[in-house]
Amino acid sequence: MTLFMDTSSRCPVPFLRDPPPAKYAVLSYSRSRPLRDWEKHVSSHAMPASASTPQNLAQACRVAREHGIPYLWVHDVNYRRTASGTVLASWRRIREAHLVIALLEGLIPPDSHNHNPCWLQNASAETLSACGWFQCAWSLQDLVGSRSVTFFDSKWNLIGAKSPTSAHSWLQVLSRASGVDVQVLADRDALSNISLGRRISWAARRESLRPEDVAYSLAGICGIGGQFPPRYGEGGQVAFQRLLEALLRRSTDLSLLAWVRQQDTGRVEKGDKAISSLTGILAKSPAEFRHFGSYPAWATPFRSSITTDITFSNRGLVVHGLLSSPRIPSGELCRQIVLVLKTPVPGDWVQVGITLGEVSSGLFARVKPHEVVILTSGKASGAMGHICIHRSLDEIDTNPISTVQGQPSSRVLSRAEKIPLRRCLSVVVIPLSS
């Protein structure tokens, strides 16, 4: 059962059918405070039409009625009743809504503009991005998945709208404030043309009251809405890495592995040798995809002329794909190879990869996670190989296999031993955006 609000009587109405038989709007905002008074009346399915109804809900009902919409859906009311079911259905609920009403509670108009509609029509992206709505994890799917969004300030003055007919200049402002690509704001169906790494980057600066919700709110945006059940209590990092695994099982877009870490947190020392920044293959949070916003070519899914197959085992990710061996810097302790994530294709002649190091017999881990490997030769470089990679740092045995005079040890997978040493790969540090 899903609870809606009748926009005329402002009473809660339960619907057993899904989707509901009538049009509905969605109230979207960054905080749950305005809903508590209404929740007291939900169990009785009756409430006074004025005093006990919070002002923001009354205003949202007014906006919905002006658009000819008889019902209003509020995420938090249903979330507190059935969190799991509401999270699973939230993306579909946004997609099927006729209108999303976005309340920017942190946007307070000057006194002289209290009765002036559209006072922020020429708003700066910095002004909007400072609002809690643009920093909230759940509001991202409201922006991306909806067919139409109307924005209001804290006094319910109309700011603007996101729709296929919106002015391009306003969509550019929204894009700079949210990080979401303009073409997705203009046409939500253009989402399928955006790489998964780029989609995740939109949440790099967003937060939620429950740490797991950052990952849960990305499920629909990444194409698995309704197929990624929440497990509250697992923690934000576990939830996010579980999301990445679910996406890797379903997608061939390896931009999911092209993340960049800012801090050197996994350095392993052994005598005068070292493995710098040793970690697993999976990112820890959306913040590690922030750099995708600075590289327009990475907005499209990573494509390859050579198929890379990924499967999962109790040892980690088993990858069969294009591998190449970079130059091993002085002082590095383990055998290193490069896993190619993207090969040159017509129109985009850049090859992208990440560096891996063998840390135990037949097992690799990500090294130098603050770097990606970029090759601009215009052709695929390397040979097909089969390796197993640790998921996370917790799985890694920090007693790596050594190298002798720059040559790899003999204890490696037989297929990986056949990889030719290629000296043409250059390592490029991708700086994180501020």
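Notes on the structure in this doc start here. (Residues numbered from 1 in each chain as written. Predicted model: local features only at pLDDT ≥ 70, side-chain atom pairs only at ≥ 80, totals over all residues. Heavy atoms only, no water.)

In total, this model carries seven salt bridges according to the counting rule given. Between Arg62 and Glu66 there is a salt bridge, with the nearest N and O atoms lying 2.9 Å from each other. With Arg62 and Glu66 both in helix α2 (residues 55-66), this residue pair falls four residues apart, about one helical turn. Residue classification places Arg62 among the partly exposed residues on the basis of a relative accessible area of 26%. Of the residues examined, Glu66 reaches a relative accessible area of 57% and is grouped as exposed. As a salt-bridge pair, Asp189 and Arg95 come within 3.4 Å of each other at their nearest N and O atoms. Taken together, the positions of Asp189 in the loop between α8 (182-186) and α9 (196-201) and Arg95 in helix α4 (residues 83-96) put the pair 94 residues apart, joining distant regions of the chain. Connected via shared salt-bridge partners are Glu245, Arg249 and Arg391. (Salt bridge = Lys/Arg side-chain N within 4 Å of Asp/Glu carboxyl O. Helix = DSSP H or I, 4+ residues; strand = E, 2+ residues; numbered from the N terminus. Buried < 20%, exposed > 50% of the residue type's maximum accessible area, 1.4 Å probe, protein only.)

The strand order β2-β1-β4-β3-β5-β6-β7 describes an open sheet built from seven strands, whose pairing is mixed. Either end of the sheet is taken by a strand with one partner, and the two such strands are β2 (12-15) and β7 (158-162). Direction aside, the axes of adjacent strands within the sheet are offset by 30 degrees on average. Bridging between strand β5 (residues 99-103) and strand β6 (residues 149-152) involves four bridges; their strand directions are parallel. Paired with Val100 across the strands is Val149, a residue of β6. Against the sheet, α2 contacts β1 (2-6), β3 (24-28), β4 (71-74), β5 and β6, and its axis sits at roughly 145 degrees relative to β5. (Pairing = 2+ DSSP bridges. Axes fitted to C-alpha atoms, helices over the stretch in contact; angles between N-to-C directions. Contact = heavy atoms within 4.5 Å.)

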